[in-house]
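Listed below, chain by chain, are the residues.
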Amino acid sequence: MAEDKKSPENPDRRDFLTTATGVMAGAGVTAACWPFVSSMNPSSDVLSKATTEASLKGIRAGEVKTVEWQGKPVFILHREEKQIASMEGDGEGKDPQKDSSRVKNPDWLVVVGICTHLGCVPSRKKDGWFCPCHGSVYDNSGRILKGPAPTNLVVPEYEFVGSDKIIIGKKQA
Amino acid sequence: MKKMIGWIDRRFPLTSFVKHELTEYPTPRNLSYWWNFGSLAGVVLVIQIITGIFLAMHYKADAAMAFDSVEHIMRDVNYGWLIRYMHSTGATAFFAVIFIHMARTLYYGSYRAPRELMWWTGQVLLLLLMATAFMGYLLPWGQMSYWGAQVITNLFGTVPFLGDELVVWLRGDFVVGDATLTRFFALHYLVPFIIVGAVLVHLVALHSVKSSNPSGINLADKDNIPFHPYFTVKDLFGLCVFLAIYSYFVFYNPNLFIEADNYIPADPMKTPLHIVPEWYFLPFYAILRAVPDLLGGVIAMGISVMIFAAMPYLDRSKIPGGARYRPFYRVMFYVFVIDIIILGYVGAKPPEGALVPLGQVATLLYFGLFALLPFGSKLEEKWLRKRGLPEEVEAMIQSEEKQKEDRRQRKADRRNARR
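This one's a predicted model, so the numbers in the text were calculated from it and none came from an experiment.

Colleague: Teacher, can you tell me more about the overall build of chain B here?
Modeller: A count of helices and strands for chain B gives 16 helices and two strands. Seen through its principal axes, chain B has C-alpha atoms that stretch 70 × 65 × 50 Å. Looking at chain B residue by residue over its 419 residues, the buried ones come to 30%. Once local pairs closer than 6 in sequence are excluded, the contacts in chain B between residues at least 24 apart make up 77%.

In structure tokens, the structure reads:
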């Protein structure tokens, strides 16, 4: 049997060529598909809007400023001393998290203003936010207190530039 | 897998279709590489449709945005440059492949009975391709796009009585404008799918009459081989060669087929000093300009494209195999090819000096060859038969004549019987 397999008469010896051709062709087709798939990703002019600069000047304590970042609203809350104090601890909701891990400077809370339930924009209430769509309630750290939302409001990547300016979003290389 | 195919086969002729039309489809074993260009045209059609759909995802068919959106594709969209260059080079490749496909048909006389419908569906495909290419060329909204469309739509103004209204109707505006651009985009997206339909008709006709072959003789069964693997492999090899050449132009010389003036946004107030159509329209454009009268020129250009359809009637020779066995026809074929190249050259240059009479002589020669064919082919046939043809060819001609005679006889008999 082993001898038969090695014999030049054995047609299976050509299987290698067929398989190799198939693999090469498959790789070629896959490579050719890549530019087309990639072309549907955000183009570079869209990516250039990936970061937003926001000035913190003129936001008085207790006020919220909404800025646009990648087409989404971002809430910047200038927290008062007592608001900061009341946020200590892990929060009372289903997604406990320390307030200190959600802010870079306790005076400023920066969160994406999109409800983690189904994407509505929550409206400002006295002690946090309330989503008009399905009634989720968030505190002044953007943590979910009650309602259907599964997680806290998302904290975007941001950086302080000096004391009164932040850049939201990762810088594109 | 076997079970699934069995399930389908009980409801749909999958296995028998693949067997009949692909794996066991009988193909003449003597086909040369000139027979590769049909399937190649199919591949180019697929490339054009895929790249076109992806371009349409980023293109804006609006006179104010079209030019910028093309630049947006070139600069901002991921691999947008690649997709656009594939599409623009693809247009050139499409015509190159189709012209070679037509030249093969003319050289080997493949348009002869029983393949007239293949030739005529091919003629329809050529017209659809030309219309698609013309409308697509307006979309980048550069100077050449704009003035090319302006000139070609103006040709419809030569239609008697209705001309001016027709031109305005075609443009949806008094000049080529936003309305023209939007409708050209809509049609440029639509027509390729009509082409796909026409290609299917072309293929159904092919699989009914089967491929012609270089000998022109109907082959015995033993001289046909299954399409797969012999011609799938041969077509794939041809495809690789084609893709190598195509890739050279896409990656190293993509602007060879794009006029520099088309990188200037369309300006309805200023015509470029020298407008030229794309290379594939040049011979026909030269014929248009060769006739001093505008209406005459338009008619001559129309006939120069449509006259191919008359080939099965113009060529009256019964000798199979086209130019291969017909020295006179072979000379005519080569003169025709050279004449088209001359016309292309004349079409590309400004109409000045000696180029004007050269274009006129080349135009006369173009039509002269078609006019000569009915007589030339008959005389040539008589001469060749007197000189003696190979046995098989003579036998084939005689059997064809006999069939024709029988048909005539039967018809006469029926007529007499009715009386």
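Colleague: Could you clarify how one ought to interpret the nonpolar core in this entry?
Modeller: Inside soluble globular proteins, nonpolar side chains tend to come together where they are buried. Within the largest apolar cluster, 43 residues are counted, with the highest numbers of intra-cluster contacts made by Ala41(B), Ala66(B), Phe94(B), Val97(B), Trp141(B) and Leu181(B). Within the residue set of this core, elements represented by two or more residues are α3 (37-56), α4 (66-75), α5 (80-107), α6 (116-138), α7 (143-155), α9 (178-209) and α10 (227-252) of chain B. Sorting elements by how many residues they give to this core places α5(B) first, with eight residues. If we ignore the near neighbours within four places in the chain, the residues touching Ala41(B) are Phe94(B), Val97(B), Ile98(B) and His101(B). Judged by nonpolar contacts, the second largest core, of 20 residues, contains Trp69(A), Leu77(A), Trp129(A) and Ile168(A).

Colleague: It is not clear to me how the packing of helix α14 (residues 327-348) of chain B against helix α15 (residues 355-387) of chain B should be interpreted in this structure. Could you clarify?
Modeller: Helix-helix packing is described using two parameters, namely the angle between the two axes and the distance between the axes. Residues and elements named next belong to chain B. Interhelical geometry of α14 versus α15 gives an angle of 160 degrees and a closest axis separation of 9 Å. As the angle between them shows, α14 and α15 are arranged roughly antiparallel. As for the relative orientation of α14 and α15, their crossing is left-handed in sense. Listed contacts from α15 to Phe328, Tyr329, Met332, Val335, Phe336, Asp339, Ile342, Leu343 and Val346 of α14 are Leu355, Leu358, Gly359, Ala362, Leu365, Tyr366, Leu369, Gly376, Ser377 and Glu380.

Colleague: Where do I start with the domain arrangement of chain A in this structure?
Modeller: Where the parts come together, the accessible area they lose is often given as the size of the interface. Segmenting chain A into domains produces domain 1 (2-39) and domain 2 (47-168). On a C-alpha basis, the centres of domain 1 of chain A and domain 2 of chain A stand 55 Å from each other.

Colleague: How do you make sense of the domain arrangement of chain B when you look at a structure like this?
Modeller: Residue and element names in this part refer to chain B. Structurally, chain B comprises domain 1 (29-261) and domain 2 (282-388). The straight-line distance from the C-alpha centre of domain 1 to that of domain 2 is 23 Å. In this assembly, 18 residues from domain 1 lie in contact with 15 residues from domain 2. Among the secondary structure elements, those contributing two or more residues to the side of domain 1 that touches domain 2 are α5 and α6.

Colleague: Before we go on, may I ask you to explain the confidence of the model for chain B in this structure?
Modeller: The predicted coordinates of low-pLDDT regions are not to be read in fine detail. On average, residues of chain B carry a pLDDT of 93, and 100% of them reach 70 or more. Taken together, the chains of this predicted complex give a pTM of 0.86 and an interface ipTM of 0.84.

Colleague: Whenever I open this one, the interface of chain B and chain A confuses me. Can you help?
Modeller: Counting from both sides, the interface comprises 10 residues of chain B and, opposite them, nine residues of chain A. Sorting elements by how many residues they give to the side of chain B that touches chain A places α5(B) first, with three residues. Grouping the amino acids of the side of chain B that touches chain A by side-chain chemistry returns six nonpolar, three polar and one charged.

Colleague: Would you mind going over the confidence of the model for chain A with me for this structure?
Modeller: For chain A, the mean per-residue pLDDT works out to 86, and 95% of the residues sit at or above 70. Predicted confidence in chain A is weakest over helix α1 (residues 2-6) of chain A, with a mean pLDDT of 65, and strongest over helix α2 (residues 15-39) of chain A, with 93.

Colleague: Please clarify how the sheet that holds strand β4 (residues 108-112) of chain A should be interpreted in this entry.
Modeller: Residue and element names in this part refer to chain A. One open sheet holds the three strands; their spatial order is β2-β3-β4, and the pairing between them is antiparallel. With partners counted over all chains shown, the strands left at the sheet margins are β2 (64-69) and β4, one partner each. Neighbour-to-neighbour, the strand axes of this sheet turn through a mean angle of 25 degrees, independent of strand direction. As judged from the six bridges shared by β2 and strand β3 (residues 72-78), these two strands associate in the antiparallel manner. Bridge assignment links Val67 to a residue of β3, and that residue is Val74.

Colleague: Whenever I open this one, the sheet that holds strand β9 (residues 158-160) of chain A confuses me. Can you help?
Modeller: By way of backbone hydrogen bonds, the strands of a sheet pair with one another, either parallel or antiparallel. Residue and element names in this part refer to chain A. Sheet architecture is open: three strands sit in the order β1-β10-β9, paired in antiparallel fashion. The strands lining the two open edges of the sheet, one partner per strand, are β1 (52-55) and β9. If you compare each strand with its neighbour and ignore which way they point, the axes differ by 20 degrees on average. Relative to strand β10 (residues 165-168), β9 is paired through three bridges, and the arrangement is antiparallel. By the bridge assignment, Phe160 is partnered in β10 with Ile166.

So, how was this worked out
Residues numbered from 1 in each chain as written. Chains lettered and ligands numbered in written order. Predicted model: local features only at pLDDT ≥ 70, side-chain atom pairs only at ≥ 80, totals over all residues. Helix = DSSP H or I, 4+ residues; strand = E, 2+ residues; numbered from the N terminus. Buried ≥ 20, exposed ≤ 12 C-beta atoms within 10 Å, placed from the backbone. Contact = placed C-beta atoms within 7 Å. Core = buried A, V, L, I, M, F, W, Y, C linked by C-beta atoms within 7 Å. Axes fitted to C-alpha atoms, helices over the stretch in contact; angles between N-to-C directions. Parallel < 35°, antiparallel > 145°, perpendicular 65-115°, else oblique. Left-handed = near helix turned anticlockwise from the far one by under 90°. Domains from an automatic or database assignment. pLDDT = per-residue confidence, 0-100. Nonpolar A, V, L, I, M, F, W, Y, C, P; charged D, E, K, R; others polar. Pairing = 2+ DSSP bridges.

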